[in-house]
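# Tertiary structure, described
Chain by chain, the residues:
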Amino acid sequence: MSTLFEEVPPSVADDVPVRRVSLTVNGDRRAADVEPRLLLAHLLRNGFGLTGTHTGCDTTNCGACTVLYDGTPVKSCTMLAVQADGHEILTVEGLATASELHPIQEGFKDEHGLQCGFCTPGMMLCAKALLAENPNPSEDDIRWALSGNLCRCTGYQNIVKAVMWAADKLSDAAPDSGGGEG
């Protein structure tokens with residue numbers, strides 16, 4: 001369990017309404033007592049220590065706070081933590097395993113799809129959602145899927161190349177559908 005009220009004096013904390021939320025984050029069941037107005041981005045960063053979820057604009061413009069909510073990209077800077085109660089959240093920390101990077105992360109590294117890295121977690125999670133739905137996207141498909149995320153460094157070309165690289169790697173790793181003769 002995590003609480004975000006540890007630094008609030010008890011007399012003040014007694015007046016603050018809290019709600020228990022329970023959600024799955026990166027495959028682990030987590031619970032926290034939160035104020036109903038707490039944003040999901042703040043629960044992830046401050047409550048659970050998952051600092052890969054960045055907050056850049058607090059208006060859903062930049063997409064740096066993007067996480068996957070039951071597999072769908074959402075901007076966590078304007079989503080309340082109580083809305084995630086009972087749901088599954090994936091942050092950038094949940095992409096890799098203990099021993100290897102996810103192909104999307106490899107693609108961003110190998111194709112130079114990042115510079116400062118601030119937008120990268122949101123871009124990667126949008127790419128993951130796209131590739132789950134469309135394993136062989138066109139450049140236009142990728143640009144559309146990433147259109148809610150702003151990058152102020154790269155000019156996007158290498159980000160698109162990184163997603164295409166990941167799509168190729170994931171399709172090479174996919175098991176044969178077994179539909180052929182044999």
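Criteria and cut-off values
Residues numbered from 1 in each chain as written. Predicted model: local features only at pLDDT ≥ 70, side-chain atom pairs only at ≥ 80, totals over all residues. Heavy atoms only, no water. Pairing = 2+ DSSP bridges. Helix = DSSP H or I, 4+ residues; strand = E, 2+ residues; numbered from the N terminus. Buried < 20%, exposed > 50% of the residue type's maximum accessible area, 1.4 Å probe, protein only. Polar contact = N/O pair within 3.5 Å; in protein donor to acceptor, adjacent residues only side chain to side chain. Core = buried A, V, L, I, M, F, W, Y, C linked by side-chain atoms within 4.5 Å. Contact = heavy atoms within 4.5 Å. Axes fitted to C-alpha atoms, helices over the stretch in contact; angles between N-to-C directions. Parallel < 35°, antiparallel > 145°, perpendicular 65-115°, else oblique. Left-handed = near helix turned anticlockwise from the far one by under 90°.

### Concerning the pairing of strand β3 (residues 28-34)
Pairing between strand β2 (residues 19-25) and β3: seven bridges, direction antiparallel. Bridge pairing in β3 places R19 opposite V34. Hairpin connection from β2 to β3: two residues lie between these consecutive antiparallel strands, with N26 at a positive phi of about 55 degrees.

### A few points about the side chain of E35
When you line up the elements, E35 lands in the loop between β3 and α2 (40-47). On the basis of relative accessible area, E35 is assigned to the buried category, the value being 18%. In terms of polar contacts, E35 uses its side chain to reach the side chain of R37, at 2.5 Å.

### Examining the nonpolar core
Counting 24 residues, the largest nonpolar core has I104, F108, M123, L146 and V163 as the members making the most contacts within it. Among the elements of the structure, α3 (103-110), α4 (120-133) and α6 (157-173) are those that each provide at least two residues to this core. Of all the elements, α4 adds the most residues to this core, at eight residues. Dropping the residues within four chain positions of it, L146 is found in contact with M123, C126, A127, I159 and V163. Listed in part, the 19 residues of the second largest apolar core include V25, A32, V34 and L40.

### Brief notes about the side chain of T24
Inspection of the secondary structure assignment puts T24 in strand β2. Among the polar contacts listed, one links the side chain of T24 to the side chain of R29, at a separation of 3.0 Å. Ignoring anything within four residues of it in the chain, the contact list for T24 reads R29, H87, E88 and I89.

### Focus on the pairing of strand β5 (residues 72-75)
Summarising the sheet, strand β4 (residues 66-69) and β5 pair through four bridges and their orientation is antiparallel. What sits directly across from L68, in β5, is P73. Linking two consecutive strands that pair antiparallel, namely β4 and β5, is a turn of two residues; a positive phi of about 50 degrees is found at D70 within it.

### Description of the packing of α3 against α4
The N-to-C vectors of α3 and α4 enclose an angle of 125 degrees; their axes lie 10 Å apart at closest approach. One finds that α3 runs oblique with respect to α4. The chirality of how α3 crosses α4 is right-handed. Residues I104, Q105 and F108 of α3 pack against T120, M123, M124, A127, K128 and L131 of α4.

### Thoughts on unusual backbone geometry
Unlike most non-glycine residues, D70 shows phi in positive territory, near 50 degrees. Structurally, the position occupied by D70 is in the loop between β4 and β5. Positive phi outside glycine occurs at Y156, with the angle close to 75 degrees. Of the residues examined, Y156 reaches a relative accessible area of 26% and is grouped as partly exposed.

### Brief notes about α3
Among the eight residues of α3, six are classified as buried, and the element is accordingly described as predominantly covered. Positive backbone phi, at 60 degrees, marks H112, one or two positions downstream of α3.

From the geometry alone we can't say anything about function, so treat these as descriptive.
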